[in-house]
Amino acid sequence: MLEWMLRKIMTDRGIWSGAALGRLLNEKVNYSLSAPSISALLSGNPKQMKADTLDALCTALDCKPNDLWVHTPSSRINGV
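Report follows, based on the coordinates. Remember, predicted model here, so these are calculated numbers, not experimental data. (Residues numbered from 1 in each chain as written. Predicted model: local features only at pLDDT ≥ 70, side-chain atom pairs only at ≥ 80, totals over all residues. Heavy atoms only, no water.)

**Notes on helix α3 (residues 35-43)**
For the record, the criterion: Throughout this description, buried means an accessible area under 20% of the type-specific maximum (1.4 Å probe, protein chains only), exposed means over 50%, and partly exposed covers the range between. A helix here means a DSSP run of H or I that spans at least four residues, while a strand means a run of E at least two residues long, and both kinds are numbered starting from the N terminus. This arc corresponds to the set of directions leading from the helix axis out to the C-beta atoms.
Among the residues of α3, Ile38, Leu41 and Leu42 are the ones counted as buried. Burial along α3 is one-sided: seen end-on, the buried residues are contained in an arc of 95°. Turned more than 90 degrees from where α3 packs its buried face, Pro36 and Ser43 sit exposed.

**Re the packing of aromatic side chains**
Quick note on the threshold: Ring pairs are drawn from Phe, Tyr and Trp, using the six-membered ring of Trp, whenever the two centres fall within 6.5 Å, and their geometry is named by plane angle: stacked under 30 degrees, edge-to-face over 60, tilted for the rest.
Under the criterion given, the structure shown has one aromatic pair. Relative to Trp69, the ring of Trp4 lies with its centre 4.6 Å away and its plane at 50°, an arrangement referred to as tilted. Separated by 65 residues along the polypeptide, Trp4 in strand β1 (residues 2-4) and Trp69 in strand β2 (residues 69-71) bring together distant segments of the chain. Classification of Trp4 by relative accessible area gives buried; the value is 10%.

**Concerning the nonpolar core**
Among soluble globular proteins, nonpolar side chains are generally buried collectively. What counts here: In this description, a nonpolar core means a group of buried Ala, Val, Leu, Ile, Met, Phe, Trp, Tyr and Cys residues linked to one another through side-chain atoms lying within 4.5 Å. Here a residue-residue contact requires only that any non-hydrogen atoms of the pair lie within 4.5 Å.
By size, the foremost hydrophobic cluster in this structure holds 21 residues, and its most contacted members are Leu6, Ile15, Leu21, Leu25, Leu57, Leu61 and Leu68. The greatest single-element share of this core, amounting to five residues, is contributed by helix α4 (residues 51-61). When neighbours within four sequence positions are excluded, Leu25 is seen to be in contact with Asn30, Tyr31, Leu33, Ala56, Leu57 and Ala60.

**Structural notes on the packing of helix α2 (residues 18-29) against α4**
The relative placement of two packed helices comes down to the angle between their axes together with the axis-to-axis distance. Inclusion rule: Every angle, taken between N-to-C directions, lies between 0 and 180 degrees, and every axis is a line fitted to C-alpha atoms, over only the stretch in contact when it is a helix. Relative orientations are named as follows: roughly parallel for angles under 35 degrees, roughly antiparallel for angles over 145 degrees, roughly perpendicular for angles from 65 to 115 degrees, and oblique for any other angle. Each residue is assigned to one class: nonpolar for Ala, Val, Leu, Ile, Met, Phe, Trp, Tyr, Cys and Pro, charged for Asp, Glu, Lys and Arg, and polar for all the others, Gly among them.
Close contact between α2 and α4 brings their axes to 9 Å; oriented N to C, the two are set at 90°. By the angle between their axes, α2 is roughly perpendicular relative to α4. Contact residues: Leu21, Leu24, Leu25, Lys28 and Val29 in α2; Ala56, Leu57, Thr59, Ala60 and Leu61 in α4. For the contact of α2 with α4, a count of residues per class yields eight nonpolar, one polar and one charged.

**Let's talk about the pattern of salt bridges**
Applicable threshold: Only one rule defines a salt bridge in this text: a Lys or Arg side-chain nitrogen within 4 Å of an Asp or Glu carboxyl oxygen.
One pass over the structure, following the stated rule, counts one salt bridge. Across the pair Lys8 and Asp12 runs a salt bridge whose closest N-O atoms are separated by 2.8 Å. Residue Lys8 and its partner Asp12 are both found in helix α1 (residues 6-12); the two are separated by four residues, about one turn of the helix.

**Side note on α2**
What counts is decided by this rule: By this rule, a helix spans an expected 1.5 Å times one less than how many residues it contains.
Over its twelve residues, α2 runs 16 Å from end to end, which matches the ideal 16 Å to within 8%, given 1.5 Å per residue. Taken together, the buried positions of α2 are occupied by Gly18, Ala20, Leu21, Gly22, Leu24 and Leu25. Looking at the buried residues of α2, the elements they touch are α1, α3 and α4. Phi for Asn30, located one or two positions after α2, is positive at around 55°.

Shown next as structure tokens:
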């Protein structure tokens, strides 16, 4: 199972809102996300993500993709 850790990474860096994340993305990497897109990232595990968005988040938050996603092996093996 993959767990999305964006809120934790933001909190660790003193970023408390989606608006603050949006400003940080604009200021540090000149990357723009709409308010609904940021809200979707904050509301749970994203079902899909553009590589550009992941790159911008990692650059702006000074982290790596494996900081944003934590993998816990599933107890299911081979679909059983």
